[in-house]
Amino acid sequence: MTDPAKEQIIDDEYWMRRALELADKAATYDEVPVGAVLVKDGQLIGSGWNQPISSCDPSAHAEIMALRNAASNVQNYRLPGTTLYVTIEPCAMCTGALLHARVGKLVFGAPEPRNGAVTSQLAILDHQALTHNMEWQSGVLEEACRERIQAFFKARRAGLKPDRKPENKT
């Protein structure tokens, strides 16, 4: 007999690995490495990675790109019964978009201490005025998700240091 909880963990890790592949793709374009997949009934219906720099679109976060892709694929702007897997805790914009799309569940890997809108800085999903309730879970492959972001910014900082000139404080 199979254990449903164990099967769910395996499924969550599978889909988060798919999101991590997309995060790696974002990094190849020198975008912040965040990836997202939207799943319904065990099937991938949308995917995306961070693209705001390359697309000159401030809203082109991984979550938004996955929602756009899924909505186009199913021909509906509402996406009930779906689960979004994203490598990093969503910001306020992305959390709002998930709510408007009526996504059923959010699963993210690592917290985003500066701009996270689920637990780190804001608790948008706990607001009493919401007309849609979304389940959420964090910590799926958290270390791998965190490592991607930390390595990206560490490399970026290291690459910028030689070009920086000391400020003239006089």
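Residues numbered from 1 in each chain as written. Predicted model: local features only at pLDDT ≥ 70, side-chain atom pairs only at ≥ 80, totals over all residues. Heavy atoms only, no water.

Enquirer: Would you mind going over the environment of P33 with me for this structure?
Expert: Positionally, P33 belongs in the loop between helix 1 (4–28) and strand 1 (35–40). By relative accessible area, P33 is classed as buried at 3%. In sequence terms P33 and T2 are 31 residues apart; their C-alpha atoms lie 35 Å from each other. For P33, the residues in contact, after removing those within four places along its chain, are A23, A26, A27, T87, R148, I149 and F152. (Helix = DSSP H or I, 4+ residues; strand = E, 2+ residues; numbered from the N terminus. Buried < 20%, exposed > 50% of the residue type's maximum accessible area, 1.4 Å probe, protein only. Contact = heavy atoms within 4.5 Å.)

Enquirer: Can you help me understand the pairing of strand 1 in this one?
Expert: Across a regular strand the side chains alternate sides, sitting on one face of the sheet and then on the other. Strand 1 sits mainly inside the fold: 5 of its 6 residues count as buried. Across 6 bridges, the pairing between strand 1 and strand 2 (residues 43–49) is antiparallel. If you follow G35 over to strand 2, its bridge partner there is W49. What sits between the antiparallel neighbours strand 1 and strand 2 is a turn of 2 residues, in which D41 has the positive phi angle 50 degrees. Where strand 1 and strand 3 (residues 82–88) come together, 5 bridges link them in antiparallel fashion. What sits directly across from K40, in strand 3, is T82. (Pairing = 2+ DSSP bridges.)

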